[in-house]
Amino acid sequence: QNPKTSTIVKQLIAEGNAGELQKYFGSRMEFGTAGLRAAMGAGISHMNDLTIIQTTQGFCRYLEKNFSDLKKRGVVIGFDARAHLSSGGSSKRFARLAANTFISQGVPVYLFSDITPTPFVPYTVTHLKLCAGIMITASHNPKQDNGYKVYWENGAQIISPHDKGISQTIEENQEPWPQAWDDKLIDSSLLLHDPYATVNKEYFKDIQKQCFHRNINKETNLKFVHTSVHGVGHKFVQLAFKAFDLSPPFAVPEQKDPDPEFPTVKYPNPEEGKGVLTLSFALAEKDGAKIILANDPDADRLAVAEKQESGEWKVFSGNELGALLGWWIFTCWKNHNRGTCAIKDVYMLSSTVSSKILRAIALKEGFHFEETLTGFKWMGNRAKQLMDQGKAVLFAFEEAIGYMCCPAVLDKDGVSAAVITAEMASFLATRNLSLSQQLKAVYDEYGFHITKASYFICHDPKVIQQLFDNLRNFDGKNTYPKSCGRFKVSGIRDLTTGYDSSQPDQKAVLPTSKSSQMITFTFANGGVATMRTSGTEPKIKYYSELCAPPGNSDIEQLKKELDELVNALEKHFFQPEKNNLQRKTE
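As named in an unreviewed UniProt entry, the chain is PGM2 protein, taken from Lophotis ruficrista. In its Sequence similarities (unreviewed entry) section, the UniProt record describing the chain reads: "Belongs to the phosphohexose mutase family." What UniProt records for the chain under Subcellular location (unreviewed entry) is the sentence "Cytoplasm".

If you want it as structure tokens, here you go:
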């Protein structure tokens, strides 16, 4: 019933454009553990009013099956600032339609009245003890995309088998219910609540438990620049700085207000490197700021850059910032929270494609480190399990610039990460140390961990399948590569098939998934490389790392060795020319 999408479809029918109609209606968007992520537009393969209604009807029925008290507890719905003029879709409209679906079935809905960072949704689920949460966002994807992200009652993103269960109930509930399209009905409903004011107050109160140096914060001369890259983060990072008694960061004026067109960047993703930070560098130079904090558009990720002595800017990788925050959060715990629990009950987590630096810190300091599958859904769920057993989960991170610094949010949170990074930098400044110098000190103490990650773009699933089949049948049937160029392979773990050469029974310990490709190679020189497909983008990603024991300080030699390993990986395992793969470009 949306006139814009309806017109698009009628036009295509009039033109007899079977090819485009096939694209729009050939296959339904797949609902996975990350929920939905697709372009906004007409048809069942896109995000639009109809597919949002169908998805929410399925999700509502699934929750009714799982929670007898759903009508008492309810759900929370948040949204970012995305909008798509030609199809009339927007995050706010989708959020209202989703709210209408639940309210029509007598389920209370806590619908944020304004844009919020993604982490506010899992926070609200936990804080108000709700059954589930929905966030309408496509995070840092291109501007035409949107998404539907789902949280369970434990405050973490859903994991299997919930995705399959929800997918099935969506299939069973495709006919829109009687008043599905009329979102104005919610405005007069007693079941509609606005958690905006409460959550804003409580969230900033809760993150202050991670504030340990208020006096330093009040007096620091260190200046910060913040960009929200046309997303939702500006207001919330300003409030976080205030909660920590830090002077507000300078906001990049061209990027501080939400704009669904993302006019100043090619991709609204701070992970893509310096291109996204051009305006931030200029403002920092003008205002004499040493540190840049950049959130992605839904403010669940954080990139950090620091001006070096040379005048150059260093953009920290996700692994480097993970090392710094891990060191900092453990140091703060050790100095301030010692009495609250024993070190044997302290945990940190990271994903299997992230740096192993936390493992090195944990070994030396005596706390626990655990590795999970890729993605915060795994770290959030594992953190909750550990917390329910009385353990303290201090920190979790993934290399894709995602950090969980505060146990009140069981997902990555770029708002708390930004302000905790600012406090760490302010503290280090009192010792005349920069973030870069402290990073070197962490590596000196716990061993250098050098990482390199990139990706190739491939739009053909058959080519991707072939590439991974080739790796599994490299020297004849069912044989993996024994070497990669001059580098000898010493171990293989395949989380698609469940094979792990290092285990006595050759079975992988981490959960396996046949629907996504992921192989990790360990090399005789201490290197590790993982190749995997992305759940949300047409990419084959790789992650590589060389770990040296403490005391091996020839960092240039280590970098050279890793560069050579990565070149061999690209040449022999990816074969970009043969497979027609497109390289990541800056």
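Right, picking up where we left off after that structure.
Asker: Please clarify how the sheet that holds strand E11 (residues 291-295) should be interpreted in this entry.
Answerer: Overall, mixed pairing links the five strands, which are arranged E10-E9-E11-E12-E13 in an open sheet. With one partner strand each, in any of the chains shown, strand E10 (250-251) and strand E13 (313-315) form the two edges of the open sheet. With three bridges connecting them, strand E12 (residues 302-307) and E13 associate as antiparallel partners. Within E13, the position partnered with Ala305 by the bridge is Val315.

Asker: Where do I start with the environment of Asn221 in this structure?
Answerer: Tracing the backbone through its elements, the reader meets Asn221 in the loop between helix H9 (214-219) and strand E9 (224-227). As a C-alpha pair, Asn221 and His162 span 59 residues in sequence and 49 Å in three-dimensional space.

Asker: For this particular structure, what's the right way to read the pairing of strand E16 (residues 392-398)?
Answerer: Within a regular strand, side chains alternate between the sheet's two faces. Most of E16 sits out of view: seven of its seven residues are buried. Examined bridge by bridge, strand E14 (residues 346-351) and E16 share five bridges and lie parallel to one another. From the neighbouring strand, Val346 faces E16, where its bridge partner is Ala392. Pairing geometry for E16 and strand E17 (residues 402-404), over three bridges, is antiparallel.

Asker: How do you make sense of the sheet that holds strand E2 (residues 75-79) when you look at a structure like this?
Answerer: Two orientations exist for strands paired in a sheet by backbone hydrogen bonds: parallel and antiparallel. With mixed pairing, the six strands of this open sheet are ordered in space as E1-E7-E6-E2-E5-E8. Here the strands that pair on one side only, and so sit at the sheet edges, are strand E1 (36-39) and strand E8 (192-193). Bridge count for E1 against strand E7 (residues 145-151) is four bridges, and the pairing is antiparallel. Bridged to Arg37 within E7 is Gly147. Contacts from helix H5 (residues 91-104) reach E2, strand E5 (109-111), strand E6 (132-136), E7 and E8 within the one sheet, and its direction differs from that of E2 by about 165°.

Asker: Help me understand the UniProt feature "domain: Alpha-D-phosphohexomutase alpha/beta/alpha" (unreviewed entry) in the chain in this model?
Answerer: Here the UniProt-annotated "domain: Alpha-D-phosphohexomutase alpha/beta/alpha" (unreviewed entry) positions come out as residues 29-175, 201-307 and 346-446. Along residues 201-307, the helical share is 32% and the strand share 16%, with 34 Å between the first and last C-alpha atoms. For residues 346-446, the helix share is 50%, the strand share is 21%, and the end-to-end C-alpha distance is 18 Å.

Asker: It is not clear to me how the packing of helix H3 (residues 49-66) against H5 should be interpreted in this structure. Could you clarify?
Answerer: Helix-helix packing is characterised by the crossing angle of the two axes and by the distance between the axes. For the pair H3 and H5, the least separation of the axes is 9 Å and the interaxial angle reads 40°. Comparing the axis directions of H3 and H5 gives the class oblique. The chirality of how H3 crosses H5 is right-handed. Of the residues in H5, those in contact with Asp49, Ile52, Ile53, Thr56, Gln57, Phe59, Cys60 and Leu63 of H3 are Arg93, Phe94, Leu97, Ala98, Thr101 and Phe102. Here the residues of the contact of H3 with H5 sort into nine nonpolar, three polar and two charged.

What counts and what doesn't
- Residue positions within a chain follow its written sequence, with the count starting from 1.
- This being a predicted model, a pLDDT of at least 70 is required before a residue's local features are given, and a value of 80 or more before pairs of side-chain atoms are given or counted; all residues contribute to the totals for chains, interfaces and linings.
- With hydrogens and water stripped out, all remaining heavy atoms of the structure feed into the side-chain values.
- UniProt positions are given in the numbering used here, feature names are shortened, and annotations may be inferred rather than shown by experiment.
- For two strands to be treated as a pair, DSSP must find at least two bridges joining them.
- Strands here are runs of E lasting at least two residues and helices are runs of H or I lasting at least four, both read from the DSSP assignment and numbered beginning at the N terminus.
- Burial here depends on accessible area, computed with a 1.4 Å probe over protein chains only, as a share of the maximum for the residue type. Under 20% is buried, over 50% is exposed, and the range in between is partly exposed.
- Contacts were defined at the residue level, with two residues in contact if any of their heavy atoms lie within 4.5 Å.
- Convention adopted: a line fitted to C-alpha atoms gives each axis, helices being fitted over their contacting stretch, and angles between N-to-C directions are expressed from 0 to 180 degrees.
- Relative orientations are named as follows: roughly parallel for angles under 35 degrees, roughly antiparallel for angles over 145 degrees, roughly perpendicular for angles from 65 to 115 degrees, and oblique for any other angle.
- We call a crossing left-handed when the near helix sits turned anticlockwise from the far one by less than a right angle, and right-handed when that turn is clockwise.
- We call Asp, Glu, Lys and Arg charged. Ala, Val, Leu, Ile, Met, Phe, Trp, Tyr, Cys and Pro are nonpolar, and the rest, Gly among them, are polar.

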